[in-house]
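Observations on the three-dimensional arrangement
Listed here are the chains, written in short residue letters.
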Amino acid sequence: MNYRKMSLSVILVCLLAAVVMTGCGKAGSTKPDNSGVIGSNVNPSNDGENKGAAEEEPKEGTGQDAEHNGTQEPGEGSSTVDKAAAADPDSVAVLVNKELALPEDYEPSDLVYPDVRFIFKEKIEKRMMRSEAAKALEEMFAGAEADGVYLAGVSAYRSHSTQRSLFNRYVERDGEEKAKTYSAVPGHSEHETGLAIDVSGSDGKCAAEDCFGGTKEAEWLAQQSAEYGFIIRYPEGKESITGYKYEPWHLRYVGKEIAADIFARDITLEEYYDAVPVSGTP
Ligand SMILES: [Zn+2]
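All of these numbers come straight from a predicted model, not from anything done at the bench. (Residues numbered from 1 in each chain as written. Predicted model: local features only at pLDDT ≥ 70, side-chain atom pairs only at ≥ 80, totals over all residues.)

1. A short note on the overall build of the protein
Helix and strand counts for the protein come out as 10 helices and 6 strands. The buried share of the protein, reckoned over its 282 residues, is 30%. Once local pairs closer than 6 in sequence are excluded, the contacts in the protein between residues at least 24 apart make up 67%. (Helix = DSSP H or I, 4+ residues; strand = E, 2+ residues; numbered from the N terminus. Buried ≥ 20, exposed ≤ 12 C-beta atoms within 10 Å, placed from the backbone. Contact = placed C-beta atoms within 7 Å.)

Here you go:
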């Protein structure tokens, strides 16, 4: 009996020990596995994908995007970004910023005078835009008027030599370092592409000035310009990416497809191309 009792208790102890050990063993071996593999390797990329989809889908659905009828568009959009266009000066999707310059001798071959109101009468260089952008601008100004918003062009195309003399004048006045904070180095101005235009209200008040922000015209442009293929190129709060302070008046033509994508995702042209952010300070 004693032996039996003893052997029974030994068996019980062994069983208990085995249960405890395997229990501890399981807890001990699975937890590190979780944090080592699933936690660090799998979750972050899942998060990234989910976030992207989550950010795009609600906006696609709620953003009154009648043109957006495909459900695959978010995926397609990100996979069909034509990065070569960013470096092609003749593409309407070219990326020009403080890091990326146009070729020294670049001159758009299809500049025309858009048939819209400007705050000046003369038929001069800064009234010109590339033909595709000019046509879109005419449509945009007409669309604004239909909504009771009267726009005017302030300054569109600027040749390389104009930008150079403008910049040199600023350098003489304020020094190069300061000039660079508000004026583009020659070759780096979007106005040299023939695809950018500064816009104001028809009275010309606050033309290319901070006080244009918050006006009826600025609000209309912020909400409606993408429909016509334009983007607010230097949005508020994106200085560290674009290298420029908020310029509610500076519109850039990129074509309807890219403009709609940039508007829906609330991003900049730099982010669209996954380009390296441009530092806000020169
Ligand atoms: Zn501008």
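That covers the picture; the talk isn't over yet.
2. Here we look at the pairing of strand β4 (residues 196–201)
Most of β4 is tucked away: 6 of the 6 residues are buried. Bridging between strand β3 (residues 151–155) and β4 involves 4 bridges; their strand directions are antiparallel. Among the inter-strand pairings, leucine 151 is bridged to a residue of β4, identified as glycine 201. Of the strand pairs in this sheet, β4 and strand β6 (residues 247–253) are connected by 3 bridges, and their pairing is antiparallel. Bridge assignment links aspartate 198 to a residue of β6, and that residue is histidine 250. (Pairing = 2+ DSSP bridges.)

3. Considerations on the nonpolar core
With 44 residues, the main nonpolar core has Met129, Leu137, Phe230, Ile231 and Ala259 as its most contacted residues. Elements supplying a minimum of two residues to this core: α4 (131–146), β3, β4, α7 (216–224), β5 (230–234), β6, α9 (256–265) and α10 (269–272). With 7 residues, the top contributor of residues to this core is α4. Sequence-distant contacts of leucine 137, that is, excluding residues within four places in its chain, are made with Pro114, Val116, Met129 and Ile197. (Core = buried A, V, L, I, M, F, W, Y, C linked by C-beta atoms within 7 Å.)

4. Structural notes on α7
Burial in α7 covers these residues: Glu217, Ala218 and Leu221. In an axial view of α7, the angular spread of the buried residues amounts to 100°, which keeps them on one side of the axis. Summarising the contacts, the buried residues of α7 are in contact with β3, β4, β5 and β6. (Arc of directions from axis to C-beta.)

5. Comments concerning the sheet that holds β3
Strand order in this open sheet of 4 strands is β3-β4-β6-β5, and the pairing throughout is antiparallel. Of all the strands in the sheet, the pair left with one neighbour each is β3 and β5. Here the average twist between neighbouring strands, direction ignored, is 45°. (Axes fitted to C-alpha atoms, helices over the stretch in contact; angles between N-to-C directions.)

6. Observations concerning unusual backbone geometry
Of note in this structure, cysteine 206 is not a glycine but carries a positive phi near 60°. On the secondary structure map, cysteine 206 appears in the loop between β4 and α7. Its identity is not glycine, yet aspartate 266 carries a phi of approximately 55°, on the positive side. When you line up the elements, aspartate 266 lands in the loop between α9 and α10.

7. Things to note about the environment of lysine 126
Position of lysine 126 relative to the elements: it lies in the loop between β1 (111–112) and β2 (129–130). Taking the number of C-beta atoms within 10 Å as the measure of exposure, lysine 126 has 19 and is therefore partly exposed. Lysine 126 sits 28 residues away from valine 154 along the chain, and the two C-alpha atoms are 8.1 Å apart. For lysine 126, the residues in contact, after removing those within four places along its chain, are Ser155, Ala156, Tyr157 and Arg158.

8. Thoughts on helix α5 (residues 160–174)
Relative to the 21 Å expected for 15 residues at 1.5 Å per residue, α5 spans 21 Å between its end C-alpha atoms, a close match to the ideal helical length. One or two residues past the end of α5 sits glycine 175, with phi positive at roughly 90°. (Expected span 1.5 Å × (residues − 1).)

9. A word on the environment of leucine 195
As for its position among the elements, leucine 195 is in the loop between α6 (176–182) and β4. On the basis of neighbour count, leucine 195 is assigned to the buried category, with 29 C-beta atoms found within 10 Å. With 64 residues separating them along the chain, leucine 195 and serine 131 place their C-alpha atoms 9.1 Å apart. Setting aside residues no more than four positions away along its own chain, leucine 195 makes contact with Val92, Met129, Arg130, Ala133, Glu190, Arg252 and Tyr253.

10. Structural notes on the confidence of the model for the protein
When pLDDT is averaged across the protein, the result is 79; 70% of the residues are at 70 or more. Across residues 5–78, confidence stays below pLDDT 50; counting only partners more than four residues off in sequence or on other chains, it has 19 contacts. (pLDDT = per-residue confidence, 0-100.)

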